[in-house]
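# Structural overview
Chain by chain, the residues:
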Amino acid sequence: MDPHFCRHYIGDGTPPSNRYCRVCPEVACDRLWRRVLGLAETNSGDPVPLPGTRAVLFPNSKNPDFVRLQVNCRWGLPKEDFLHYIATGHAGMGRRGQRSDPRASPSCTRQEPYVQAIVELLGGMEIPEIRAVREVQDG
């Protein structure tokens, strides 16, 4: 992950600092993440198909810092992976020794092309919430 993706990020990209977005008090990021959570709930708990992929999006009732994705199996999309993608355009797979790869997501799980599809469903990279987050991240 790119540890410089946000001026508020504190840490070096290794656990548990890679999860800093979950406790950061930045309002713009929380507002955007609430849009992602709302999108996951738009189908009354049924899966929301992600365009251009075979994946579907589900809410995660146990933890608001995650939404669920499913192709063959279910996995979590954490808040920080989504926000890292907004800043860098990357949310790729990483291995344990590759945490410093700026193309890897903070969780080192492959969240592409799913994050792109979520952004598309939200209205694209130019929606006010994403522009506000990018301003916060850039400082």
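Report follows, based on the coordinates. Note that the structure is predicted; figures quoted are calculated from it, not measured.

Attention now goes to the side chain of S105. Within the secondary structure, S105 sits in the loop between α2 (79–88) and α3 (114–122). A relative accessible area of 0% places S105 in the buried class.

Okay, the pattern of salt bridges next. Pairs can form between side chains of opposite charge whenever their charged atoms are close. All chains considered together, the criterion is met by 4 salt bridges. Residue E129 is joined to R35 by a salt bridge in which the shortest nitrogen-to-oxygen separation is 3.1 Å. In this pair, E129 is assigned in helix α4 (residues 128–138) and R35 in helix α1 (residues 27–40), connecting sequence segments 94 residues apart. Assessed through its relative accessible area of 30%, R35 is described here as partly exposed. For R103, the salt bridge is made with D101, and the minimal N-O distance between the two is 3.1 Å. Classification of R103 as exposed rests on a relative accessible area of 51%.

The rules behind these values
- Residues numbered from 1 in each chain as written.
- Predicted model: local features only at pLDDT ≥ 70, side-chain atom pairs only at ≥ 80, totals over all residues.
- Heavy atoms only, no water.
- Helix = DSSP H or I, 4+ residues; strand = E, 2+ residues; numbered from the N terminus.
- Buried < 20%, exposed > 50% of the residue type's maximum accessible area, 1.4 Å probe, protein only.
- Salt bridge = Lys/Arg side-chain N within 4 Å of Asp/Glu carboxyl O.

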